[in-house]
Amino acid sequence: MAKLNIVLHEPEIPANTGNIGRTCVATNTRLHLIEPLGFKLNEKALKRAGLDYWDKLDVHVYSDYQDFLEKNPDAPGKMYFATTKAHKVYSEVDYEPDCYLMFGKESGGIPEEILLENQETAIRIPMMNDIRSLNLSNSVAIVLYEALRQHNFDHMQLGGHLTRYEWK
């Protein structure tokens, strides 16, 4: 089974990364963290946001973007770069089942040098002009679930059950 990949470039807020980690566990998605991180991986806020799922997370840490590229030679060509600066909307893309979705740090996004080299695969989430950006963990969930939807939520539980009652 192919696995989607979330790449966080220099994340700063532990609670956002914890929430993203929890989403990755729930969707069987790999999480790639590119240093420097604005927190320690054992930080309480990170663990609290990730709940008791953090030990189930498929997470990899890299010293910088070049280290990430060297250790993931299949990434170029199937990476999408989420930024408020892009022209293409995230829902206009056909995502590969093992693609990489990169998001930048909360205070500044993905470095523009990286965006300039990858403008054809830069994507954006539409929003009103007077807001700088959405919350990082919300942005990850929006784009990730679009990629999962395009692949019919492969290997995911599609039906739910009530705890004390039965659906009619």
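Right above here is the structure, for reference.
Position numbers for residues count from 1 along each chain, tracking the sequence in the order it is written. Local features in this predicted model are restricted to residues whose pLDDT is 70 or higher, and side-chain atom pairs enter the listing and the counts only when it is 80 or higher, whereas totals over whole chains, interfaces and linings include all residues. Hydrogens and waters are ignored; side-chain quantities use all the structure's heavy atoms.

Draft legend 1. Fine view of the pattern of salt bridges. A side-chain nitrogen of Lys or Arg and a carboxyl oxygen of Asp or Glu constitute a salt bridge if their distance falls within 4 Å. Taken as a whole, this structure holds eight salt bridges when the rule is applied. The closest approach of N and O atoms between D58 and K3, which form a salt bridge, is 2.9 Å. On the criterion of sequence distance, the pair formed by D58 in the loop between helix 2 (44-50) and strand 3 (59-62) and K3 in the segment before strand 1 (5-9) is long-range, its members being 55 residues apart. Buried, partly exposed and exposed residues are distinguished by accessible area as a fraction of the type maximum, computed with a 1.4 Å probe on protein chains only: under 20%, between the cut-offs, and over 50%, respectively. A residue is classified by how much of its surface remains accessible, and D58, at 23% relative accessible area, is partly exposed. The class of K3 is buried, set by a relative accessible area of 17%. One network of salt bridges, in which partners are shared, links K3, R30 and D58. Under the scheme used here, helices are H or I runs from DSSP no shorter than 4 residues and strands are E runs no shorter than 2 residues, and both carry numbers assigned from the N terminus.

Draft legend 2. Here's a closer look at the pairing of strand 1. Counted residue by residue, strand 1 has five buried out of five residues, so it is predominantly covered. Pairing between strand 1 and strand 2 (residues 30-34): five bridges, direction parallel. From the neighbouring strand, N5 faces strand 2, where its bridge partner is R30. A crossover connection joins strand 1 to the parallel strand 2 through helix 1 (residues 14-27); in handedness this β-α-β unit is right-handed. For two strands to pair, DSSP has to find at least two bridges joining them. The pairing of strand 1 with strand 6 (residues 100-103) spans four bridges and is classified as parallel. Paired with V7 across the two strands is M102, which belongs to strand 6. Call a crossover right-handed when, viewed with both strands pointing away from you, the route from the first strand across the helix to the second goes clockwise.

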